[in-house]
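Residue-level structural notes
Residue strings, one per chain:
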Amino acid sequence: VQDVIMLADTDRRVLYMTPSFFRNSGWTPEDLAASDYRSRVHPDDLAAVESARTANLAGQDTTLQWRGKRRDGSYRWFE
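Residues numbered from 1 in each chain as written. Predicted model: local features only at pLDDT ≥ 70, side-chain atom pairs only at ≥ 80, totals over all residues. Heavy atoms only, no water.

1. Some remarks on a nonpolar patch on the surface
Using the following cut-off: Patches were defined on residues exceeding 30% relative accessible area and lacking a salt bridge, with like-charge contacts within 9 Å and nonpolar side-chain contacts (Val, Leu, Ile, Met, Phe, Trp, Tyr) within 5 Å. A 1.4 Å probe and the Shrake-Rupley method give the accessible areas. Residues count as covered only by the protein chains that appear here. A pairing counts as a salt bridge when a side-chain nitrogen of Lys or Arg comes within 4 Å of a carboxyl oxygen of Asp or Glu. Under the scheme used here, helices are H or I runs from DSSP no shorter than 4 residues and strands are E runs no shorter than 2 residues, and both carry numbers assigned from the N terminus.
Where nonpolar side chains cluster on the molecular surface, the patch consists of L7, L15 and Y16 and spans about 330 Å² of accessible area. The residue L7 is located in strand β1 (residues 6-8) in this model.

2. Examining the layout of surface pockets
Rule in force here: Cavity: a set of points on a 1 Å grid over the protein atoms alone where a 1.4 Å probe fits but cannot get out. Pocket: an open set with protein on both sides within 12 Å along at least five of seven lines, its lining residues, like those of a cavity, having an atom within 4 Å of a point. Grid points are joined across faces, edges and corners, and a volume is the space filled by probe spheres set on the points. Each residue is assigned to one class: nonpolar for Ala, Val, Leu, Ile, Met, Phe, Trp, Tyr, Cys and Pro, charged for Asp, Glu, Lys and Arg, and polar for all the others, Gly among them.
Size it by volume and the largest pocket reaches roughly 1100 Å³. Along its surface, the largest pocket is lined by 35 residues, and V4, M6, V49, N56 and W66 are the ones closest to its centre. The leading source of residues in the lining of the largest pocket is helix α3 (residues 46-57), at five residues. Residue composition of the lining of the largest pocket, by class: 19 nonpolar, eight polar and eight charged. Volume-wise, the second largest pocket comes out at about 190 Å³. What lines the second largest pocket is a set of 13 residues, among which R12, R13, V14, L32 and A33 lie closest to the centre.

3. Observations regarding the nonpolar core
As a reminder, the rule being used: Among buried residues, the Ala, Val, Leu, Ile, Met, Phe, Trp, Tyr and Cys ones that are joined through side-chain atoms within 4.5 Å form a nonpolar core. For the exposure calls, accessible area comes from a 1.4 Å probe over protein chains only, and a residue counts as buried if that area is under 20% of its type's maximum, exposed if over 50%, partly exposed in between. Contacts between residues were defined by any pair of non-hydrogen atoms, one from each residue, lying within 4.5 Å.
In terms of nonpolar packing, the biggest core is built from five residues, these being M17, F21, F22, W27 and L32. Dropping the residues within four chain positions of it, L32 is found in contact with V14, M17, F21, F22, W27 and R40.

4. So, the environment of A52
With respect to the secondary-structure elements, A52 resides in helix α3. Among the residues examined, A52 registers a relative accessible area of 12% and is labelled buried. Along the primary structure A52 and L64 are separated by 12 residues, whereas in three dimensions their C-alpha atoms are 7.4 Å apart.

5. Examining the confidence of the model for the protein
Rules: The predictor attaches a confidence to each residue, and that confidence, scored 0 to 100, is pLDDT.
Summarising the model, the protein shows a mean pLDDT of 90, and 99% of its residues fall at 70 or more. Summarising per-element confidence for the protein, the mean pLDDT is lowest in β1 (83) and highest in strand β3 (residues 66-69) (94).

6. Observations concerning the pattern of salt bridges
According to the stated counting rule, one finds seven salt bridges in the structure shown. For D11, the salt bridge goes to R13, with nearest N and O atoms at 3.4 Å. Exposure remark for D11: the relative accessible area of 54% places this residue in the exposed category. Across the pair R38 and D36 runs a salt bridge whose closest N-O atoms are separated by 2.7 Å. On the basis of relative accessibility, which here comes to 30%, the residue R38 falls in the partly exposed class.

Okay, structure coming up:
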């Protein structure tokens, strides 16, 4: 499966990430534990990601396209 599925708590801690994320991004589970996810979001997309997160916490469904930073510094689009 190439889909990336993440489960995080309300404090932004990643509880689960599909193996495809690590294969496609180059990050390790230790990298995720050591940094805030916002450091891996393209700066131009951060406001939209945060807005979607707020909506999700309020019980709303969202669909969002955003760029995530790979370990090599390049970006990849996610939905």
